[in-house]
Each structure stands twice: as structure tokens, then as C-alpha cells.
Amino acid sequence: MSETEQVNFGDTIRQARKKHGWSQAELGERSGVSRPTIARVEANHDVTTASIAKIAQALGLTLELKDRA
């Protein structure tokens, strides 16, 4: 998949949240982070790795790091 075809991380979070039928506020409550943090993640802005991990766990997603080399 080329870079232009890749789905952004924020898009993945948004799609998973909507699949669960949750608002940003509800995902925030379930993950233990604020609604503005959810909005920043979905907008692909900088957030902490800890916040991303909490959000992913609440959505039942796994995080995987890959070497791009």
C-alpha cells in the first residue's frame, strides 16, 4: 500500500469508534482520556503514546510498531 493509500491513524480510531456507536465523549469515558484528546487523535495531532494505548484498548484494537527500513 502506498503512502497516499494509507489510512491515517486518526481515521482508524474514528472508524472504530463509530463502529461501536460511541461518541467522542463516550470513548473518552471508556478509555480514561478527555473528549478533546479523542478529537486530537482523530485529527492526527500529537498526543502521548499512553493516551493512544488507552484509546486503542478501549476500542479493542492492538498497536503494532513496524520498522520502515
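See the structure shown above.
Residues numbered from 1 in each chain as written. Predicted model: local features only at pLDDT ≥ 70, side-chain atom pairs only at ≥ 80, totals over all residues. Heavy atoms only, no water.

**Q** Whenever I open this one, the pattern of salt bridges confuses me. Can you help?
**A** As a working rule, side chains carrying opposite charge can pair if their charged atoms are close by. A full pass over the atoms with the stated rule returns 4 salt bridges. For the salt bridge of Glu-42 with Arg-14, the shortest nitrogen-to-oxygen distance reads 3.6 Å. With Glu-42 in helix α3 (residues 35-42) and Arg-14 in helix α1 (residues 9-20), this pair connects stretches of sequence that are 28 residues apart. On the accessibility criterion, Glu-42 (3% relative accessible area) is buried. Bridged by salt links that share partners, the residues Asp-11, Arg-14, Arg-17 and Glu-42 form one connected network. (Salt bridge = Lys/Arg side-chain N within 4 Å of Asp/Glu carboxyl O. Helix = DSSP H or I, 4+ residues; strand = E, 2+ residues; numbered from the N terminus. Buried < 20%, exposed > 50% of the residue type's maximum accessible area, 1.4 Å probe, protein only.)

**Q** Sorry, what's going on with the nonpolar core here?
**A** The nonpolar side chains of a soluble globular protein tend to be buried with one another. If you look at the biggest cluster of nonpolar residues, it comprises 9 residues: Ile-13, Ala-16, Trp-22, Leu-27, Val-33, Ile-38, Val-41, Ile-55 and Leu-59. The set of elements that each furnish at least two residues to this core consists of α1, α3 and α4 (49-59). Apart from residues lying up to four places away in sequence, Trp-22 is in contact with Arg-17, Leu-27, Arg-30, Ala-58 and Leu-59. (Core = buried A, V, L, I, M, F, W, Y, C linked by side-chain atoms within 4.5 Å. Contact = heavy atoms within 4.5 Å.)

**Q** Where do I start with the packing of helix α2 (residues 24-31) against α4 in this structure?
**A** For any two helices packed against each other, one specifies the inter-axial angle together with the distance between the axes. Orientation of α2 relative to α4, taken along the N-to-C sense of each, is 100°, at an axis distance of 9 Å. The orientation of α2 relative to α4 falls into the category roughly perpendicular. Contact residues: α2 offers Leu-27, Arg-30 and Ser-31, while α4 offers Lys-54, Ile-55, Ala-58 and Leu-59. Taken together, the residues that form the contact of α2 with α4 break down as 4 nonpolar, 1 polar and 2 charged. (Axes fitted to C-alpha atoms, helices over the stretch in contact; angles between N-to-C directions. Parallel < 35°, antiparallel > 145°, perpendicular 65-115°, else oblique. Nonpolar A, V, L, I, M, F, W, Y, C, P; charged D, E, K, R; others polar.)

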